[in-house]
Amino acid sequence: MALSPSRLGALVLRNRRAARAPVALYRRGLGWLLGSRMLMLEHVGRRSGEARYAVLEVIGRPAPGRILIASGFGHGSQWYRNLEAEPRCHVSISRLRRRPARARLLPADESEEALARYAREHPASWDFLRRVIEEDGTRDPRSIPVVELHVEN
């Protein structure tokens, strides 16, 4: 029996090795291969104090130096919880490497608005993300928390 793309996506996201594979590209300076719709977030572990990394999709750019990312696994995502504890982080995107940034966790109404805009601007990507989240069964896709990163120049 063949896996649907959304089921495969859910399995990949739950597989630590597969989900972390893009980090190696960024750490070697090859993040630009993934384009400007992906970024690597370097954040501090809330318990360990050590650098942690996550490659995430950019869902919006409301202004210069501001980038929106969504936590598909909700408030329980490790990177989300780490930013909650320590909002200072670094961002690598396209050819920019390790730029200092500060995270702002958006309230529910702003998150919903950002996701609605993403759905309008990237309907195929939103449809895939929505199906992956529904396949995973962890939450309602409309309640995904969104983080705004303020990237320093």
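Everything below is about the structure shown above.
Bear in mind that the values here come from a model prediction, so they are computed numbers and not experimental data. (Residues numbered from 1 in each chain as written. Predicted model: local features only at pLDDT ≥ 70, side-chain atom pairs only at ≥ 80, totals over all residues. Heavy atoms only, no water.)

Novice: Honestly, helix α3 (residues 78–85) in this entry has me stumped. Any pointers?
Specialist: The α-helix advances 3.6 residues per turn, and as a result positions three or four apart in sequence lie on the same side. Along α3, the positions that sit buried rather than exposed are W79, Y80, N82 and L83. Burial along α3 is one-sided: seen end-on, the buried residues are contained in an arc of 165 degrees. Those residues of α3 that are exposed and aimed more than 90 degrees away from the buried face are E84 and A85. (Buried < 20%, exposed > 50% of the residue type's maximum accessible area, 1.4 Å probe, protein only. Helix = DSSP H or I, 4+ residues; strand = E, 2+ residues; numbered from the N terminus. Arc of directions from axis to C-beta.)

Novice: I'm lost on a positive patch on the surface in this one. Help?
Specialist: Together, R20, R27, R28 and R52 give the surface a local cluster of positive charge. Along the chain, R27 turns up in helix α2 (residues 16–27). (Patch = residues over 30% accessible without salt bridge, like charges linked within 9 Å, V, L, I, M, F, W, Y side chains within 5 Å. Areas by Shrake-Rupley, 256 points an atom, 1.4 Å probe, with all protein chains shown as cover. Salt bridge = Lys/Arg side-chain N within 4 Å of Asp/Glu carboxyl O. Lys, Arg positive; Asp, Glu negative; His and termini not counted. Charge placed at Lys NZ, Arg CZ, Asp CG, Glu CD.)

Novice: Would you explain the pattern of salt bridges in this entry?
Specialist: Oppositely charged side chains can pair when the atoms bearing their charge come close. Applying the stated criterion to the full structure yields eight salt bridges. Of the charged contacts in the structure, one is a salt bridge between E148 and R66, with a shortest N-O distance of 2.6 Å. Taken as a pair, E148 in strand β6 (residues 146–151) and R66 in strand β3 (residues 66–70) lie far apart in primary sequence, 82 residues in all. Judged by its relative accessible area of 3%, E148 is buried. One salt bridge in this structure joins D127 and R130, with 2.3 Å as the shortest N-O distance. Note that D127 and R130 are positioned in helix α5 (residues 123–136) at a spacing of three residues, about one turn of the helix. According to the relative accessible area criterion, D127 is partly exposed, its value standing at 28%. Among the charged side chains, a network of salt bridges with common partners joins R66, R104, E110 and E148.

Novice: What is the right way to read the environment of L83 from this model?
Specialist: Along the chain, L83 turns up in helix α3. Under the relative-accessibility criterion, L83 is labelled buried at 2%. For the pair formed by L83 and V147, sequence separation is 64 residues and the distance between their alpha carbons is 9.0 Å. Dropping the residues within four chain positions of it, L83 is found in contact with L41, H43, C89, A103, L105 and V147. (Contact = heavy atoms within 4.5 Å.)

Novice: Help me understand the nonpolar core, please; the structure alone is not making it clear to me.
Specialist: One broad trend across soluble globular proteins is that nonpolar side chains are buried collectively. Core analysis: the largest hydrophobic core is formed by 18 residues, its most contacted members being L39, L41, I69, W79 and L149. Mapped by element, the contributors of at least two residues to this core are β1 (38–44), β2 (51–63), β3, α3, β4 (88–93), β5 (96–105) and β6. Counting residues in hydrophobic clusters, the runner-up holds twelve residues, among them A70, A114, I144 and V146. (Core = buried A, V, L, I, M, F, W, Y, C linked by side-chain atoms within 4.5 Å.)

Novice: How should I be thinking about unusual backbone geometry in this particular structure?
Specialist: Glycine aside, the phi torsion of most residues is negative, and most peptide linkages are trans. A positive phi angle, near 55 degrees, is found at S94, a position not held by glycine. Position of S94 relative to the elements: it lies in the loop between β4 and β5. Look at S94 and you get partly exposed, because its relative accessible area is 28%.

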